[in-house]
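Read off the chains here:
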Amino acid sequence: MNEILEALVKYAAILAFMLGVVAPVMVWVERRGMALIQDRRGPNRVGPFGLLQPLADAFKFIFKEEIIPAQADKVLYLAAPALALVPALTTFTVVPFGPTFNYAGKEIKLVVIDSDIGALMFLALAGLGVYSLICAGYGSYNKYSLLGSLRASAQLISYELSMGFAILAILVSTASFNLLDVIDYQNSMWNIVYQPLGFLVFLVTAFAETNRVPFDLPESESELVAGFNTEYGAMKFALFFMGEYVNMTTLSLLLAVLYLGGWQLYPGWTPPEGIVGAIIGVLITLAKVIFMMWLFVWVRFTLPRFRYDQLMKLGWKVLLPLSITNLVIVTILVNKGIL
Amino acid sequence: MVEYLPIIIGVGLAFIVAGIIMLISWLMGPKRPYRTKLTPYESGMPILDASRKRIPVAFFLIALDFVVFDVESAFLFPWALTVRNSGTTEFISGITFIVVAVVVGYLYVYLKGGFDIYKGNSENVK
């Protein structure tokens, strides 16, 4: 019973952090970062440095009129924003974010679910994101939405495959599905050095899985208005974006755990035992996550969008062979005892 | 099993949070619907025809490709755990599976044009 309570406390803490801190701050960072890169000012009126802009946005969303298109399939249409939150609110449970420490004679692991199939759980839960897109596109009875959702689901399943193979290579070298073991394994050297190809594939698929530029074809505003969320206004629209930002954070965290050694400052340096060390570890992880999040923003305003056939070509003809090659190389190296 | 409770709570919470937020917004916002406002958005033009179109067959092709390779990767997951602590036989059988099933299968689909989605214009989708 005690373990369940502990897990629930950890879950609530991360959830509050994700929805209360990460999502609003990311909205602000994205808009100010965009302004910085495009040599503009960005939102700077509401509060100091425009920091209260997300709050103002939320209030505006709440007081907007909620419209349900007359011909929409109401169940699917209203379920889609909720379904968009499902992977966002579940995937982070299996990813560790800090070192294990002892407190009051009790070993506390900084991961909500210390699962022996953590990597598999992540892939399974992340895969659920497709349903929301399909429901949104089919439910809203709009040509743009339908096209956007078809593109989005095709893109998600194509890139999910390469991501799966990239994670598979990590699992081959670690010989465990538990993400805590993956970090322990990186004590000698981080996986980014051992598997640069895998890191590259994972990074690209992470952008594709979160529908971020240059892979934001599902919502490409110049051709599809807003893609699958064309018919969504007010808070329903905000829910999609909340889901997207939380997913981005989880993927950044997973990237830090799988390839950048989690809470190691440099390969082999783990924070000291005890609660202080745990806090340092969490901060180091956070620094890596913040860097990855900034990369998401940076890329968004630097690169142009792909054409749809280029996107599919990249997914099937470049990333998939690369990820399989990476898997074969890692397997051979592990068997020869080099890795 | 009980340690996976947070995931079930997360799924429930997603629906509850979304429901509450949409309800608040529904209660606070104005409600002035009229016929044109509730029609699907088509760049401001009058609606031409039904919005549920037939789905291009290219997407079906992608789905097929996905199923094939996803099942193959599902076979590889349990094998991945054993590579480090196993001998030459298991290693060779695993590599053989990757080469025969994944690589040869990939080349076959590639040569058949299974990945050529939207080649040139939309007419020559195989």
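For the structure given in this document, a descriptive report is provided here. What you are looking at is a predicted structure, and each value in this text was computed from that prediction instead of being measured.

Our next topic: unusual backbone geometry. A positive phi angle, near 60°, is found at A:D39, a position not held by glycine. Take A:D39: it is sitting in the loop between α1 (2-37) and α2 (53-62).

Time to look at a nonpolar patch on the surface. Residue and element names in this part refer to chain A. Taken together, F17, V21, V25, Y103, I275, V276, I279, I280, L283, L286 and I290 make up a surface patch of nonpolar side chains, about 960 Å² in accessible area. Looking at the nonpolar patch, the elements with two or more residues in it are α1 and α12 (274-300). Element by element, the count of residues in the nonpolar patch is highest for α12, at seven residues. Mapped onto the elements, L283 comes out in helix α12.

At the junction of the two partners, chain B supplies 68 residues and chain A supplies 81 residues. Here chain B packs against chain A, burying approximately 6,500 Å² in sum over the two surfaces, 76% of which is carbon and sulfur. If you sort the residues of chain B by the area they bury against chain A, B:R52, B:F77 and B:R84 come out on top, with a joint share of 12%. At the surface where chain B touches chain A, the tally comes to zero salt bridges.

The next subject is the packing of aromatic side chains. With the rule as written, the count across this model stands at 17 aromatic pairs over all chains. Here the aromatic rings of A:F61 and A:F237 are separated by 5.9 Å at their centres, their planes lie at 55°, and the arrangement is tilted. One end of the pair, A:F61, is in helix α2; the other, A:F237, is in helix α11 (residues 234-259), and 176 residues separate them in sequence. A ring pair is formed by B:F69 and B:F115, whose centres lie 6.3 Å apart and whose planes are at 35°; its orientation type is tilted. Pair noted here: B:F69 is in helix α2 (residues 57-82) and B:F115 is in the segment after α3 (88-112), with a separation of 46 residues, a long-range link. Across the pair, exposure class does not vary: B:F69 and B:F115 are buried alike. Of the aromatic side chains, those joined through ring pairs into one cluster are A:W316, B:F69, B:Y106, B:Y110 and B:F115. Directly above the aromatic system of B:Y110 lies the positively charged group of A:K317, at a separation of 5.0 Å from the ring centroid. Geometry around B:W26 places B:K31 over its ring, the cationic atom sitting 5.1 Å from the centre.

Here helix α3 (residues 74-90) of chain A contains 17 residues, and its C-alpha end-to-end distance of 25 Å stays within 8% of the 24 Å for a straight helix at 1.5 Å per residue. Summarising burial for α3(A): 13 of the 17 residues are buried, a large majority.

Residues and elements named next belong to chain A. What the rule picks out here adds up to seven salt bridges over all chains. The salt bridge partner of K10 is E6, with a shortest N-O separation of 3.2 Å. Here K10 and its partner E6 are both found in helix α1, four residues apart, which amounts to about one turn of the helix. By relative accessible area, which is 13% here, K10 ends up buried. When the shortest N-O distance is used, the salt bridge between E6 and K106 registers 2.7 Å. Of this pair, E6 sits in helix α1 while K106 sits in strand β2 (residues 106-110); the two residues are 100 residues apart in sequence, bridging distant segments of the chain. Owing to a relative accessible area of 33%, K106 belongs among the partly exposed residues under this scheme. Through salt bridges with shared partners, a single ionic network connects E6, K10 and K106.

Right, let's talk about the layout of surface pockets for a bit. In this model, the largest pocket occupies a volume close to 790 Å³. Along the wall of the largest pocket there are 25 residues; nearest its centre are A:A23, A:V27, A:P54, A:D57 and A:F61. When residues of the lining of the largest pocket are traced back to their parent elements, those giving at least two are α1, α2 and α11 of chain A. Per element, the largest residue contribution to the lining of the largest pocket is eight residues, and it comes from α1(A). In terms of residue class, the lining of the largest pocket is made up of 21 nonpolar, no polar and four charged. Considering only enclosed or pocket space, the second largest pocket measures out at about 440 Å³ in volume. Surrounding the second largest pocket, 24 residues form its lining, A:I67, A:E231, B:K37, B:T39 and B:Y41 being those nearest its centre. Within the residue set of the lining of the second largest pocket, elements represented by two or more residues are α2 and α11 of chain A. The leading source of residues in the lining of the second largest pocket is α2(A), at three residues. Taken together, the residues of the lining of the second largest pocket break down into eleven nonpolar, five polar and eight charged.

Reading guide: rules and limits
Residues numbered from 1 in each chain as written. Chains lettered and ligands numbered in written order. Predicted model: local features only at pLDDT ≥ 70, side-chain atom pairs only at ≥ 80, totals over all residues. Heavy atoms only, no water. Helix = DSSP H or I, 4+ residues; strand = E, 2+ residues; numbered from the N terminus. Patch = residues over 30% accessible without salt bridge, like charges linked within 9 Å, V, L, I, M, F, W, Y side chains within 5 Å. Areas by Shrake-Rupley, 256 points an atom, 1.4 Å probe, with all protein chains shown as cover. Salt bridge = Lys/Arg side-chain N within 4 Å of Asp/Glu carboxyl O. Contact = heavy atoms within 4.5 Å. Buried area = accessible area lost by both parts, 1.4 Å probe. Phe/Tyr/Trp six-rings, centres within 6.5 Å; stacked < 30°, edge-to-face > 60°. Buried < 20%, exposed > 50% of the residue type's maximum accessible area, 1.4 Å probe, protein only. Lys NZ or Arg CZ within 6 Å of the ring centre and 35° of its normal. Expected span 1.5 Å × (residues − 1). 1 Å grid on protein atoms, 1.4 Å probe; cavity = no way out; pocket = protein on both sides within 12 Å on 5 of 7 lines; lining within 4 Å. Points joined across faces, edges and corners; volume = space filled by probe spheres on them. Nonpolar A, V, L, I, M, F, W, Y, C, P; charged D, E, K, R; others polar.

In short, shape yes, function no, at least from these values alone.
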